[in-house]
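Fold and contact review
Single-letter residue listing:
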Amino acid sequence: MLRASLLALIGVALPLTAFGQTADDLKNDAKTPGDVLTYGMGYSGQRYSELSSINRDNVKRLVPAWAYSMADNRGLEAQPLVKDGVIYITDHEKTVAIDALSGKEIWKNVIEYPPETTRIVCCGIVNRGAAMYDGKLYRTTLDANVIALDLKTGKEVWRTKSSDPSEGYSMTVAPLVADGVVIAGVSGAEFGVRGYLEGFDAQTGKSLWRTYTIPAQGEPGYDSWPANSTRAGGSTWVTGTYDPELNLVYWGVGNPAPWNPILRKGDNLNTNSVLALRPKTGEVVWKYQMSPNDPFDYDGVNEWIIADLKDASGNPRKVVMQGNRNGFLYVIDRTNGKLIAANKFVDVNWADKVDLTTGRPVWSAQTKDIIEHGGKARIFPSVTGGKNWAPMAFDPTRGLVYVNAIEMGMDYETLPADKIANLKPGDPFFGVKFPLVFDPEKRGSLKAINPLTGEVKWQVPFKTPNFAGTLVTAGGLVITGQMTGEVMAFDADTGKLMWEFQTPSSINGSPITWEKDGKQYITVNSGIGGVYAMHVEDPRLTHVPAGGTVWTFKLFEEFPQRSASSN
Ligand code: CA
Ligand code: CA
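Residues numbered from 1 in each chain as written. Chains lettered and ligands numbered in written order. Predicted model: local features only at pLDDT ≥ 70, side-chain atom pairs only at ≥ 80, totals over all residues. Heavy atoms only, no water.

A few words now on the pairing of strand S19 (residues 273-277). Burial of S19 is extensive: five of the five residues sit out of reach of the surface. Neither face of S19 is left uncovered, since the one carrying Ser273, Leu275 and Leu277 and the one carrying Val274 and Ala276 both have all their residues buried. Direction of pairing for strand S17 (residues 248-252) relative to S19: antiparallel, over a ladder of four bridges. Across the sheet, residue Tyr250 finds its bridge partner in S19, namely Ala276. Relative to strand S20 (residues 284-289), S19 runs antiparallel, the two sharing five bridges. Looking at the pairing, Ser273 lines up with Gln289 of S20. Once S19 ends, the chain turns through six residues before running back antiparallel as S20, passing Gly282 with a positive phi of about 80°. (Buried < 20%, exposed > 50% of the residue type's maximum accessible area, 1.4 Å probe, protein only. Helix = DSSP H or I, 4+ residues; strand = E, 2+ residues; numbered from the N terminus. Pairing = 2+ DSSP bridges.)

This is the structure in structure tokens:
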């Protein structure tokens, strides 16, 4: 305070960081549970909150504090951020600041898109959230721009065009601010883009670096594609995590394109991989590929949760963990990219196992057949994955991950090569058929899993799989939601359903919890997801209205406090 006054007196402008969020604020986000400044509720992406005043004893009394309509019928997939009593939330065309206690709108910024945008973009008319740093909110746009908004006013501070949607690119990802650099990835593997990550100057929006996920001629991995193949895919559409001590960003890479593998033999690096990069330069320090030559759209983009675990011999290990679409739960040494564990968390028949020595999957006979000369087979999991992108949570006190697992397979069949021979960026890059197969009584489960052993501590089956993220709290609760609209709280030790609330449309985003004036709240988005509706054929869903509403819950107070004292 004294220093600030002195500086003001001598006419020195305070650095902007004094009014915004500093690098240290972001680094300490998980340890300051009142506010949520980062995607993943902390750089580690654990989605674990130390708040416990909403807990197993009182969660039954959770009631809505307010609901705010985003007036969005395309789906709310974003994770909200909370800072100083203001909630910031995005959809594909809007960013809004809402008073966290009253639900009243403070400002709204609407993105004007060229009219063709929503018609031509790949993979969902959605947005997954924002990043906050230095008094600004950073987000991506469907037409592949990255923009910075003033946190106080919502006014645009800068805008940088990253790519061209007519070439198949779009952006839905929440950016990550690491070491002062705004990092964003692209969608569009299904439209034949060449994926990349890009770093932007937080103050000016200037592009600082771009790292392509698919190597150019002369770069390592170029030979993992046939000489004349299209070399497409490798999108980067889910936010990575950051370890400030190792100064490494961990970011997943999507599928090769087209899905049909017969014209792209080889590992197709660096698709379906995780990259560990330096945030200042985009330099790749190590990488690991989960699904070489992926024919099944397993991507590799899901969450990379940072944690410190003890391995089977009791040795402390610095790890990153991912529940991959391919049905394996990966635990990797985050200092060097070496595989520690890869356990199946749903029915998997595309691979028998992952070889811990080589780090490579051992393909089943039917996968080998499809990769060598195309064909058809019943494959588990389906293109929807053993889990989809919605992030799992990790409870460091229990050592468990909480996963919304999807238990469906597909009757996969490659189409003849001439169907995929002349694709160009912007075309749909599939070349396969994949009708889903499932047990209508059980298409998914919420599971509590030991990531090192794969042991399932408990599981709760669902008729319709969940596409929501999970949140776990020191109150012993796992919070998530259903496609049929229910927000739910489960006992983190037993899986017992402790509370639920029916919202009018599906839960597709990630719930968060926060605290203001000593009271804990839970905020969740309800809004049907355009992209996933096609995968789910539950007749109940056809009657669920499209939504787009942010809900905030607090404990019901039976005896409202009256201000009887003199002040
Ligand atoms: Ca925090
Ligand atoms: Ca994909």
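Anyway, onward from the coordinates.
On to unusual backbone geometry. Cis peptide bonds are those with omega within 30 degrees of zero, and the linkage from Ala257 to Pro258 qualifies with -5°. If you trace the backbone, Pro258 turns up in the loop between strand S18 (256-257) and S19. A cis amide bond links Phe380 to the next residue, Pro381, at an omega of -10°. Residue placement: Pro381 occurs in the loop between strand S27 (376-379) and strand S28 (393-395). A positive phi angle is found at Arg47, which is not glycine, with a value near 55°. What makes Arg47 buried here is its relative accessible area of 1%. Within the chain, Asn293 stands out as a residue other than glycine whose phi angle is a positive 50°. With respect to the secondary-structure elements, Asn293 resides in the loop between S20 and strand S21 (305-310).

Attention now moves to the confidence of the model for the protein chain. On average, residues of the protein chain score 91 in pLDDT, and 91% of them are at 70 or above. Residue range residues 11-19 is modelled with pLDDT below 50. Its contacts to residues more than four positions away, or to other chains, number nine contacts. (pLDDT = per-residue confidence, 0-100. Contact = heavy atoms within 4.5 Å.)

Let us now look at the coordination of the calcium ion (ligand 1). Expected angles at a metal are 109.5 degrees for tetrahedral coordination by four donors and either 90 or 180 degrees for octahedral coordination by six donors. In this structure, Asp29 (O), Asp29 (OD), Thr32 (O), Thr32 (OG1) and Asp35 (O) serve as the protein donors to the calcium ion (ligand 1), at separations of 2.1 to 2.7 Å. Positions of the donor residues of the calcium ion (ligand 1) along the chain correspond to the pattern D-x2-T-x2-D. The class of Thr32 is partly exposed, set by a relative accessible area of 38%. (Donors = N, O, S within 2.8 Å, 3.2 Å for Na, K, Ca; no water.)

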